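Here's the letter readout for the chains.
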Amino acid sequence: MSLTELLHYLRLGGVTMAILLLASVVALGVAIERIIALWGVSENSRVLGETVHKHLLRGDLAAARTAAERSKAAVADIFLAGFDRLERARLTGGGVESAVERERAQVGLRLRRNLWLLATIGSLAPFVGLFGTVAGIMRSFKDLGLDVDAGGTGGTATVMTGISEALIATAVGILVAVMAMVFYNYFQARLARVLVELRLLGDEFVELLHERPTLPAAPALPEPAPRGDATPV
């Protein structure tokens, strides 16, 4: 199909074709944004998890928290929620599991952001295209009636040309829907794996937080002996 024919079909599609093209641009934009946002989420979270767990195994709570604060990994917010809750509970560990689970749910919501747009476009695009086709067929039959009223033969060529041009709206609608659903299913499968990894890292973090050894206290320095006022002769 040449560029001239493509522009011809786009012009015939009118508002319906414009809506479908806008939906395709939105779907592609969401897909690119989510690819960038999810790039390296699993790897970065795994690296931070190993670092934090290493510090907790040594009982170095401060170093573990510092590593989480300096990281931009998705699991860092989960670890920080656990550290904050632990401090508020005065080192008793009460409620740490709930705090970690709540933050994990919040992270999951952020990772799923804008995916509803892909699902919506995938489900509605075929119906928008079908509407454009029906409108085009109605216009073709109207042109047929006008042709007959004007003394024309009313041959099938008058109708078939309009119908073939109208069907392009359905084809474009199906194409946009397929693209959106492919992206949506891909992100759903990838997020399912990422969320499982975050849950495992969070569970291991809570266990190590409860079982961590405590660092030995620094030995107190001996107090200097008091100096006398006079030196013995």
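Residues numbered from 1 in each chain as written. Predicted model: local features only at pLDDT ≥ 70, side-chain atom pairs only at ≥ 80, totals over all residues. Heavy atoms only, no water.

Going by the annotation in an unreviewed UniProt entry, the name recorded for the chain is Biopolymer transport protein ExbB, with Stigmatella aurantiaca given as the source organism. Note on the chain: under the UniProt heading Sequence similarities (unreviewed entry), the record states "Belongs to the exbB/tolQ family." (UniProt positions renumbered as here; feature names shortened; annotations may be inferred.)

Draft legend 1. Spotlight on helix H5 (residues 96-111). With 16 residues, H5 should cover 22 Å at 1.5 Å per step; its first-to-last C-alpha distance of 23 Å lies within 8% of that length. Along H5, the residues that are buried comprise Val96, Ala99, Val100, Glu103, Arg104, Val107, Gly108 and Leu111. (Helix = DSSP H or I, 4+ residues; strand = E, 2+ residues; numbered from the N terminus. Expected span 1.5 Å × (residues − 1). Buried < 20%, exposed > 50% of the residue type's maximum accessible area, 1.4 Å probe, protein only.)

Draft legend 2. The nonpolar core, seen in detail. In terms of nonpolar packing, the biggest core is built from 45 residues, with Phe83 and Phe205 touching the most fellow members. The dominant element in this core, judged by the number of residues it contributes, is helix H7 (residues 156-211), at 14 residues. Not counting residues up to four positions away in its chain, the partners in contact with Phe205 are Val52, His53, Leu56, Ile78, Phe79, Gly82, Phe83 and Val100. (Core = buried A, V, L, I, M, F, W, Y, C linked by side-chain atoms within 4.5 Å. Contact = heavy atoms within 4.5 Å.)

Draft legend 3. The packing of aromatic side chains, seen in detail. Counted according to the given criterion, the structure contains 3 aromatic pairs. Aromatic pair Phe79 and Phe205: ring centres 4.7 Å apart, planes at 35°, arrangement tilted. A residue pair is termed long-range when its members are at least 10 positions apart, and Phe79 in helix H4 (residues 74-88) and Phe205 in helix H7 qualify at 126 residues. With relative accessibility at 0%, the residue Phe79 sits in the buried group. The class of Phe205 is buried, set by a relative accessible area of 0%. (Phe/Tyr/Trp six-rings, centres within 6.5 Å; stacked < 30°, edge-to-face > 60°.)

Draft legend 4. Summary view of the pattern of salt bridges. Using the criterion set out here, one finds 11 salt bridges in the structure. Its salt-bridge partner being Asp84, residue Arg65 comes within 2.6 Å of it at the nearest N-O pair. Here Asp84 lies in helix H4 and Arg65 lies in helix H3 (residues 61-70), a separation of 19 residues in the sequence. Among the salt bridges present, the one from Arg104 reaches Glu101, with a minimum N-O distance of 2.9 Å. Remark: Glu101 and Arg104 occur in helix H5; sequence separation between them is 3 residues, near one turn of the helix. Look at Arg104 and you get buried, because its relative accessible area is 12%. Glu101 sits in the partly exposed class, given a relative accessible area of 32%. (Salt bridge = Lys/Arg side-chain N within 4 Å of Asp/Glu carboxyl O.)

Draft legend 5. Highlighting H3. Every buried residue of H3 is listed here: Ala64, Arg65, Ala67 and Ala68. Looking straight down H3, one finds that the buried residues subtend no more than 160° of arc, so they occupy a single side. Exposed residues pointing more than 90 degrees away from the buried face of H3 are listed as Ala62 and Arg70. The inward-facing, buried residues of H3 abut helix H2 (41-57) and H4. (Arc of directions from axis to C-beta.)

Draft legend 6. Region of interest: the environment of Trp116. Here Trp116 lies in helix H6 (residues 115-149). Separated by 86 residues in the primary sequence, Trp116 and Val30 have C-alpha atoms spaced 9.8 Å apart.

Draft legend 7. Summary view of a nonpolar patch on the surface. A contiguous nonpolar patch, built from Leu28, Ile32 and Ile36 and spanning about 290 Å² of accessible area, is present on the exposed surface. Summarising the element assignment, Ile36 is placed in helix H1 (residues 3-38). (Patch = residues over 30% accessible without salt bridge, like charges linked within 9 Å, V, L, I, M, F, W, Y side chains within 5 Å. Areas by Shrake-Rupley, 256 points an atom, 1.4 Å probe, with all protein chains shown as cover.)

Draft legend 8. Summary view of the side chain of Thr170. With respect to the helices, strands and loops of the structure, Thr170 is situated in helix H7. At 3.5 Å, the side chain of Thr170 forms a polar contact with the backbone oxygen of Gly129. Every residue in contact with Thr170, bar those within four places of it in the chain, is listed here: Gly129, Leu130 and Thr133. (Polar contact = N/O pair within 3.5 Å; in protein donor to acceptor, adjacent residues only side chain to side chain.)

Draft legend 9. Representation of the packing of H2 against H4 in the model. Running from amino to carboxyl end, H2 crosses H4 at an angle of 30°, the nearest separation of the two axes being 7 Å. Between H2, through Val41, Ser45, Leu48, Gly49, Val52, His53 and Leu56, and H4, the contact on the second element is made entirely by Ala74, Val75, Ala76, Phe79 and Phe83. The residue makeup of the contact of H2 with H4, split by class, is 9 nonpolar, 3 polar and no charged. (Axes fitted to C-alpha atoms, helices over the stretch in contact; angles between N-to-C directions. Nonpolar A, V, L, I, M, F, W, Y, C, P; charged D, E, K, R; others polar.)

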